[in-house]
Amino acid sequence: MSTESINAELLTRMFLCGAQNLEANKAWINELNVFPVPDGDTGTNMTMTVVSAVREVTGLGENAEMKAICKAISSGSLRGARGNSGVIMSQLFRGFCKIARENSDVTVALCADAFDKAVETAYKAVMKPKEGTILTVAKGAADKARELADGGTTDFETFLPAVIQYADEVLAKTPDMLPVLKQAGVVDSGGQGLVQFLKGAYEGFEGKEPDLGRILNPDAAAEEEEAKEEEAQPALRYGYETSFVILLDKTFNQKLENDFRNYLNSIGDHVMVLTKPNAVKVQIQTNDPGLILQRGLMYGQVAGICIENLRMKDRELPTFTEEAAPAEKEEAEEAPAADTPRKAIGIIAVCAGDGLAEIFKGLGVDYVISGGQTMNPAAGDIIDAVDRVNADTVFVLPNNKNIILAANQAAAMDGDKKIVVIPTRTIPQGITAVINFMPDQDAEANRQNMLEEISRVRSAEITYAVRDTVIDDVEIHEGNMMAIGDDGILEVGDDLNETAAKALSKMISDETELVSIYYGAETKEEDAEALRGRIATEHPSCEVELQAGGQPVYYYILSAE
């Protein structure tokens, strides 16, 4: 029996199953990101975009009409869109729904029209469309849909598998279109996300029922599975992984070492003892770390203590910070923008890290959205932030190339305030933009001035590689330090400060006057001070500033201007 039309109920099931399959494969999609940084997020961004639409669709209840479902898919994904691939995905949904919403049933011919409109809408949303990406895969699917529809295909049993198969074939060719993909040995991650959504949608067409719990609360489902796996595992004999260094104050001869080893083996296992003339490193699994440390104190001072509870290693611990009383905090968060005098221009900045947030606020930014490379805010998050700023025009500084599209999408949505996006791709560009804001000038004059000033800034971010790959003809190994500049890899090495210093040397020119170093949450202040001192010595004509950014993922954010 052939199916020649898809009604509202079937379209809903297909959309939900597509979302479920995308969510199930998001970790794999994340790993396809070209840059092997510890924050690959394409799959996560696309999933969160689609899940935003899922919430609106499921909120309609049963027996919703096609127009209402299409509106929910379109508006939900547009507000929830985050990351470049997420924004493009939302535009594909928007274009598709423009055609589908006007009919109670979708035929093959109508579906081909909707695919065409989806691709047209998505391409228009991107200022400089790049082939070899999700756009190329979507266009391939639309081209195949048009070929089949114009060729007389009327049943979805033939139409859908052929479209998805061709999309998969186009996806496999993306490395031939983008050299960076070929060097890294991966297909485009956004394109893979689209294909996985389409495959899930086809499963819904064939009768699979979606599991809303897994779509809307995947963490709970994962925890339930982990709990079952833990129950099936034998109980750990020793619960604490303990390691430390003994700074010896007596000679650690062979007899003492043997006695110490025998003692450790008597109260634990996986024992490791490494000796040097003046120090001993110890690692052991035991049920009483205190006894191990007491024994170590018999030989000298202990340092570098690390104790991990193996039975609770994946449990999230509570955080303890000094905060305002709950009532005060809630009142502060919900305080309406009208409490402050209305002004002509307000500014919103996006960043991750308490230090960076304080820097932006100190420069006069009205509202800071917590986010960045590790968590791209959605278009809806940006709109909510705009609502908090009591100004006629609000400037938005994305400070990340993967947030600019979402900011542009927020600016395109209807609202009572004008939103101006300054396409800052890095934190240093954002800081430069704010510094050069002129309150006595109008919005257009400020926009032009900011654009001119940020073009002078050179930036780099230092992090570590999570896998082996080749980028820009540079061989990268897991654990390497990488300096990622505005146009690609600047430097790769084994030592953090050495990599950062070499990257800065490539960024600094004869015209450079100021070098800024923002050190992250995992960087020691003394290491950052050492880097500042080295750069000041090697480049005496430059002023070198050092500030605590507190950002995750990136040990350093660097700028030269």
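Conventions we followed
Residues numbered from 1 in each chain as written. Predicted model: local features only at pLDDT ≥ 70, side-chain atom pairs only at ≥ 80, totals over all residues. Heavy atoms only, no water. Axes fitted to C-alpha atoms, helices over the stretch in contact; angles between N-to-C directions. Helix = DSSP H or I, 4+ residues; strand = E, 2+ residues; numbered from the N terminus. Parallel < 35°, antiparallel > 145°, perpendicular 65-115°, else oblique. Left-handed = near helix turned anticlockwise from the far one by under 90°. Contact = heavy atoms within 4.5 Å. Salt bridge = Lys/Arg side-chain N within 4 Å of Asp/Glu carboxyl O. Buried < 20%, exposed > 50% of the residue type's maximum accessible area, 1.4 Å probe, protein only. Core = buried A, V, L, I, M, F, W, Y, C linked by side-chain atoms within 4.5 Å. Expected span 1.5 Å × (residues − 1). Arc of directions from axis to C-beta. Disulfide = S-S within 2.5 Å. Pairing = 2+ DSSP bridges. 1 Å grid on protein atoms, 1.4 Å probe; cavity = no way out; pocket = protein on both sides within 12 Å on 5 of 7 lines; lining within 4 Å. Points joined across faces, edges and corners; volume = space filled by probe spheres on them. Nonpolar A, V, L, I, M, F, W, Y, C, P; charged D, E, K, R; others polar. Right-handed = clockwise from strand over helix to strand, strands pointing away.

Undergrad: Explain the packing of helix α5 (residues 83-100) against helix α10 (residues 189-205) to me, please; I cannot follow it from the model alone.
TA: Helix packing geometry: the angle between the two helix axes and the distance between the axes. Running from N to C, α5 and α10 point in directions that differ by 40°, and their axes come no closer than 10 Å. Taken together, the axes of α5 and α10 are oblique relative to one another. Crossing of α5 against α10: the hand is right-handed. On α10, the residues touching S85, M89, L92 and F93 of α5 are G190, L194 and F197.

Undergrad: Which parts of the structure should I look at to understand the pattern of salt bridges?
TA: The tally for this structure, following the rule as stated, stands at 27 salt bridges. For D150, the salt bridge is made with R146, and the minimal N-O distance between the two is 3.2 Å. Highlighted residues: D150 and R146, both in helix α7 (residues 134-150), separated by 4 residues, approximately one helical turn. Its relative accessible area of 23% is what places R146 among the partly exposed residues. Across the pair E257 and R261 runs a salt bridge whose closest N-O atoms are separated by 3.1 Å.

Undergrad: Looking at this structure, I do not really get the nonpolar core. What am I missing?
TA: Considering soluble globular proteins, one finds that nonpolar side chains tend to be buried as a cluster. Residues F15, V50, F156 and F159 are the most contacted members of the largest nonpolar core, which totals 101 residues. Considering every element that reaches this core, the biggest residue donor is helix α6 (residues 108-125), with 10 residues. Sequence-distant contacts of F159, that is, excluding residues within four places in its chain, are made with V108, C111, A145, L148 and T153. I347, F395, A443 and M450 belong to the second largest nonpolar core, which has 26 residues in total.

Undergrad: Could you clarify how one ought to interpret helix α22 (residues 525-538) in this entry?
TA: Since one α-helical turn is 3.6 residues long, residues separated by three or four positions face the same way. The end-to-end C-alpha distance of α22 is 20 Å, a good match for the 20 Å that 14 residues give at a rise of 1.5 Å each. Taken together, the buried positions of α22 are A528, L531 and I535. In a view along the axis of α22, the buried residues occupy a sector of 60°, so they form one face of it. In α22, the exposed positions angled more than 90 degrees off the buried face are occupied by E526 and T537. Of the surrounding secondary structure, the elements contacted by the buried residues of α22 are α21 (496-507), β16 (514-519), β17 (543-548) and β18 (556-560).

Undergrad: Any chance you could explain the state of the cysteines here in plain terms?
TA: One pass over the structure, following the stated rule, counts 0 disulfides. Sulfur of C70: no disulfide; nearest cysteine sulfur belongs to C97 and is 4.1 Å away.

Undergrad: Could you clarify how one ought to interpret the sheet that holds strand β8 (residues 367-370) in this entry?
TA: Strand pairs in the sheet, formed through backbone hydrogen bonds, run parallel or antiparallel to each other. What the 4 strands build is an open sheet, ordered β8-β7-β9-β10; its pairing is parallel. Edge positions in the open sheet fall to β8 and β10 (418-421), since each of these has one partner strand only. Across the sheet, the mean angle from the axis of one strand to that of its neighbour is 25°, orientation sign disregarded. Sheet topology places strand β7 (residues 343-351) next to β8; 4 bridges connect them, and they run parallel. Looking at the pairing, V350 lines up with I369 of β8.

Undergrad: Help me understand the pairing of strand β3 (residues 240-248) in this model?
TA: Residues in a regular strand project their side chains so that they alternate between the two faces of the sheet. Note: β3 against strand β5 (residues 279-286), 8 bridges, orientation antiparallel. Each residue of the ladder has a partner; that of S243, found in β5, is Q283.

Undergrad: Hey, could you run me through unusual backbone geometry in this one?
TA: Apart from glycine, the bulk of residues carry a negative phi angle, and the bulk of peptide bonds sit in the trans form. The phi angle at N399 is positive, at roughly 60°, despite the residue not being glycine. Following the sequence through the fold, N399 ends up in the loop between β9 (391-397) and α18 (404-412). Judged by its relative accessible area of 5%, N399 falls in the buried class. Phi angles above zero are rare outside glycine, and V553 is one such case at about 70°. Within the secondary structure layout, V553 lies in the loop between β17 and β18.

Undergrad: Where do I start with empty space enclosed by the protein in this structure?
TA: A water-sized probe rolled over the atoms picks out the places where empty space is left. Within the structure shown, the criterion is met by 3 cavities of 30 Å³ or more. Empty space within the largest cavity amounts to approximately 490 Å³. As for the largest cavity, its lining consists of 26 residues, and the residues nearest its centre are F93, F96, F115, F197 and L198. Of all the secondary-structure elements, those providing two or more residues to the lining of the largest cavity are α1 (8-24), α4 (66-80), α5, α6, α7, α8 (156-177) and α10. Classifying every residue of the lining of the largest cavity gives 26 nonpolar, no polar and no charged.

Undergrad: I'm lost on helix α19 (residues 427-435) in this one. Help?
TA: Of all 9 residues that make up α19, 8 are buried, and the element is covered over most of its length. Within the span of α19, buried status applies to I427, P428, Q429, G430, I431, T432, A433 and V434.

Undergrad: Quick question: what am I supposed to make of the sheet that holds β5 here?
TA: Spatially, 4 strands are ordered β4-β5-β3-β6 in an open sheet, and the strand pairing comes out antiparallel. The open sheet has two free edges, formed respectively by β4 (268-276) and β6 (300-309), since each of these has just one partner strand. Recorded for the sheet is a direction-independent mean angle of 10° between the axes of neighbouring strands. Pairing of β4 with β5, which is carried by 7 bridges, proceeds in the antiparallel orientation. Note that in β5 the partner of T275 across the bridge is V280. Along the sheet, helix α13 (residues 254-266) contacts β3, β4 and β5; its crossing angle with β4, the most-contacted strand, is approximately 160°. Helix-sheet contacts for helix α14 (residues 289-297) involve β3, β5 and β6, and the interaxial angle to β6 is about 165°.

Undergrad: Any chance you could explain the pairing of β9 here in plain terms?
TA: With 6 of its 7 residues buried, β9 lies for the most part within the structure. Relative to β9, β7 is paired through 6 bridges, and the arrangement is parallel. Across the sheet, the residue bridging to I345 is T393, located in β9. In terms of strand pairing, β9 meets β10 through 4 bridges, oriented parallel. Note on β10: the bridge partner recorded for F395 is V420. One crossover worth recording links β9 to the parallel β10 by way of α18, and it is right-handed.

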